[in-house]
Every structure is written in structure tokens, then in C-alpha cells.
Amino acid sequence: MRRPVRSRREIRARVPRGRPLIKRGASDGHSADDARRLRGPVIQVHEVGKVFELGQIRVRALRDVSLRIDTGDLVAIMGSSGSGKSTLMNILGCLDIPTSGRYLIDGVDVSQMDEDDLADLRNRKIGFVFQSFNLVARTSALVNVELPLAYAGLRGAERRRRAERALSSVGMANRMHHQPSELSGGQQQRVAVARALVTNPSLILADEPTGNLDSHSTEDVLRIFAHLNEEGRTVVLITHEPDVAQQTKRVIRLSDGEVVEDRRLSGVHDSPPAIHRQKSAHRRPVDSSAVEVRP
């Protein structure tokens, strides 16, 4: 999920805010109990369009997309290359802004926010998980997980306590001092998930989180997402894998910048689907430490 380059016209159109939208002190994220009580939408997208100008060429990546994702949902966004799913993911993650329409996260319209507020909102409200892990090399798992808290201004002792708790929750308590090169792909993705949840975000966005994993590690990571969702967190996965999408509560499919399918598999506040064995997976015992989540 790379941040797109904005046009000069889009940059000039932004209205600077007089003060930060979100205080940079203590975390304002919701607890699991709060998340269960909340029933409003985390995401509201109203007729969003996105046009990229490439010289004389105008590419319409999104065409009047509207959707709502409620607190506690577990959603898969699917689509082939060029369908607009990555553009939509960038907008949902506040890495880009729409050309037209409105996008609200937790009721806040992001379209006119300045760069500082967008960065602040991303750090406080959204936890990102990437296909390529995006861990800092030659840096321990613990320090990698501490990074978002450092950006939020937390002191060292509190950062470490929260990072240790996040790593323990994804079964990485005995690997927190290892560097990425000393971890398997599945272990690196667990560290990335710990980094995403350490700020207690309202929304977790995962861009092809299982794309670089074998079937066993895929099952482990999906179990972690399912447990996070069971705790009340809203999780949105972007994936091209039908097996992964079928283990969510809702599947949204894009084609040519439009929503062509929006299929509900189970209720928003139902328990997440049981993780079934991947087609290519071999039977083996499940490491229970990988699925215990205590954000």
C-alpha cells in the first residue's frame, strides 16, 4: 500500500486546520468492551470517485463507490488487478483522498484534513498490516512494535510495556528480541499484526496479509484476525484469495472501479467464522499461543 503522489490541484484544495484533530497524548482508542457497545459505522463512503491525471490522460480508478462498514465487522475486499481495490484501500487508510464524494472514519470527514491531521488520524485510528511485513531491518521485533507509540509521543517504559503485551498476544513473547531476519514469514507477519494493534486502533486494514505466507502461517494469521474481531475490532482485509475471503463476515468485490458484489456471509456482531483448513495445508496441531489476543 504505497502512498500515491497527489496533484498540485489536490494539494492546493486542502484546507489547513488550526489545531490537531486528535490530541497527541494518551491513546483515545476504544477498549474491547467499548467496541462491543458501539453499533455505529467505522467507515462511511459516500459516492466516492478517484481520478488520476497522467499528463493528458485521466484514469478513473473509482466510480461513485458507496459503502458502510459497522463497528465489529470482518470484511474482505476483492478484485482483479485494475479493479480499484488498492485505490479504495488507500482512501480507507487515509493514505489518499477522494477526488469526489465523502469518506468518514468514526464520523470524521477526512477530505479537508491537512497532512498533520491525516498522519495523526492514521496513527491513532488505523492499524496497518502489509503483505511484505514492512518491518525495520536490524531492529528487534520489540522495537518494531514500539514505533507507532514513539510517533504518538509515549515514553519509553510505557511503550515497552504495551509492545511486550501486543507481542505476547500474538504468540511472539519468546521472539520479541529477534530481528526480522531471524524470524520466519509467519512470525514476521505476527510482529506486523502486533504493531498494528499496539495503538488500540478503531480499524485494522490488512493489504494482502497472507500473500507471502504458506498455508500453515496463513491459518495462524487468520485466527489472530478472527480473535481480534471477536474482541470487537473492525477488520478489513484486501485479498485476491477466495479461501481467505470466505473466512470473513462480508465480501465486497470491485470491478472497473465499481462495487459489483456485496455479499453478507454472517451478521456483523456474530462470532467470526471458524477458520477452516487451507486447501494446500497439511494437518498439524494448532499453536494455541498464536491465537490468544489480549489487546
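This text follows the structure it describes.
Basis of the calculations
Residues numbered from 1 in each chain as written. Predicted model: local features only at pLDDT ≥ 70, side-chain atom pairs only at ≥ 80, totals over all residues. Heavy atoms only, no water. Helix = DSSP H or I, 4+ residues; strand = E, 2+ residues; numbered from the N terminus. Expected span 1.5 Å × (residues − 1). Buried < 20%, exposed > 50% of the residue type's maximum accessible area, 1.4 Å probe, protein only. Polar contact = N/O pair within 3.5 Å; in protein donor to acceptor, adjacent residues only side chain to side chain. Salt bridge = Lys/Arg side-chain N within 4 Å of Asp/Glu carboxyl O. Pairing = 2+ DSSP bridges. Right-handed = clockwise from strand over helix to strand, strands pointing away. 1 Å grid on protein atoms, 1.4 Å probe; cavity = no way out; pocket = protein on both sides within 12 Å on 5 of 7 lines; lining within 4 Å. Points joined across faces, edges and corners; volume = space filled by probe spheres on them. Nonpolar A, V, L, I, M, F, W, Y, C, P; charged D, E, K, R; others polar. Phe/Tyr/Trp six-rings, centres within 6.5 Å; stacked < 30°, edge-to-face > 60°. Lys NZ or Arg CZ within 6 Å of the ring centre and 35° of its normal. Axes fitted to C-alpha atoms, helices over the stretch in contact; angles between N-to-C directions. Parallel < 35°, antiparallel > 145°, perpendicular 65-115°, else oblique. Left-handed = near helix turned anticlockwise from the far one by under 90°. Contact = heavy atoms within 4.5 Å. Core = buried A, V, L, I, M, F, W, Y, C linked by side-chain atoms within 4.5 Å.

> I'd love a proper account of helix α8 (residues 215-230), names of residues and values included.
Compared with an ideal rise of 1.5 Å per residue, which puts 16 residues at 22 Å, α8 spans 22 Å between its outermost C-alpha atoms and is within 8% of the ideal. Counting buried residues in α8 gives 13 out of 16 residues, a clear majority hidden from the surface. One side-chain oxygen of the residue at the start of α8 lies 3.2 Å from the amide nitrogen of H216, identifying that residue as D214.

> So what's going on with the pattern of salt bridges? Which residues, and what values?
A pair can form between side chains of opposite charge whenever their charged atoms are brought close. This structure, assessed with the given rule, holds 17 salt bridges. For the salt bridge of R161 with E158, the shortest nitrogen-to-oxygen distance reads 2.7 Å. One end of the pair, R161, and the other, E158, are both in helix α6 (residues 156-169), three residues apart, so they sit about a helical turn from each other. For E158, a relative accessible area of 25% corresponds to the partly exposed category.

> Describe the pairing of strand β8 (residues 234-238), naming the residues involved and giving the relevant values.
The side chains of a regular strand alternate, residue by residue, between the two faces of the sheet. With five of five residues buried, β8 is to be regarded as a mostly interior element. Where burial is concerned, the two faces of β8 agree: the one with T234, V236 and I238 and the one with V235 and L237 are both buried. Looking at chain direction, strand β3 (residues 74-78) and β8 are connected through four bridges and run parallel. Its bridge partner lying in β8, A76 is registered against L237. Bridge count for strand β7 (residues 203-207) against β8 is five bridges, and the pairing is parallel. Across the sheet, the residue bridging to L203 is T234, located in β8. With respect to chirality, the unit in which β7 leads through α8 into the neighbouring parallel β8 is right-handed.

> For empty space enclosed by the protein, give the residues involved together with the corresponding values.
A water-sized probe, rolled over the atoms, reveals where empty space remains. Throughout the structure, instances matching the rule amount to one cavity of 30 Å³ or more. Considering only enclosed or pocket space, the largest cavity measures out at about 30 Å³ in volume. Along the walls of the largest cavity sit L74, L222, F225, A226, L237, Q247 and I275, which together make up its complete lining. Element by element, the count of residues in the lining of the largest cavity is highest for α8, at three residues. Broken down by class, the residue content of the lining of the largest cavity amounts to six nonpolar, one polar and no charged.

> Would you mind going over the packing of aromatic side chains in detail, with residue names and values included?
In this structure the tally under the stated criterion is one aromatic pair. On the numbers, 5.9 Å between centres and 15° between planes, the contact of F128 with F130 is stacked. Of the two residues, F128 and F130, both sit in the buried class. Stacked on the ring of F52, the Lys or Arg K50 has its end atom at 5.4 Å from the ring centre.

> Hey, could you go over the packing of helix α7 (residues 185-197) against α8 for me, with residue numbers and the actual values?
In helix packing, the relevant descriptors are the interaxial angle and the interaxial distance, both defined with respect to the helix axes. It is the contact of α7 with α8, at a shortest axis distance of 9 Å, that shows an interaxial angle of 15°. Our classification of the angle between α7 and α8 gives roughly parallel. For the pair α7 and α8, the crossing hand works out as right-handed. Where α7 abuts α8, its residues G186, Q189, R190, V193 and L197 lie against S217, D220, V221, I224, F225 and L228. Per-class residue counts for the contact of α7 with α8 are six nonpolar, three polar and two charged.

> Before we move on, can you summarise helix α3 (residues 85-92) with the specific residues and values?
Taking burial as the measure, the eight residues of α3 include seven buried ones, the bulk of the element. Of all the positions in α3, only K85, T87, L88, M89, N90, I91 and L92 are classed as buried.

> So what about the nonpolar core? Which residues, and what values?
The tendency in soluble globular proteins is for nonpolar side chains to be buried side by side. Core analysis: the largest hydrophobic core is formed by 37 residues, its most contacted members being V129, V145, L167, V191, V193 and F225. Contributing elements (two or more residues each) for this core: α5 (141-151), α6, α7, β7, α8 and β8. Excluding anything up to four places from it in sequence, V193 contacts V129, V170, I224, F225 and L228. Residues V75, I105, V110 and I252 belong to the second largest nonpolar core, which totals 32 residues.

> Report on unusual backbone geometry, specifying residues and quantitative values.
Unlike most non-glycine residues, N134 shows phi in positive territory, near 55°. Looking at the element boundaries, N134 is found in the loop between β6 (126-130) and α5.

> Report on the sheet that holds β7, specifying residues and quantitative values.
With mixed pairing, six strands are arranged side by side in an open sheet as β6-β7-β8-β3-β9-β10. Where the open sheet ends on each side, the last strands, each with one partner, are β6 and β10 (258-264). Averaged over all pairs of adjacent strands, the angle between strand axes in this sheet comes to 15°, irrespective of strand direction.

> How would you explain the environment of G267 if you had to name every residue and give the values?
Within the fold, G267 resides in the segment after β10. The sequence separation of G267 and G72 amounts to 195 residues, and the corresponding C-alpha distance is 9.8 Å.

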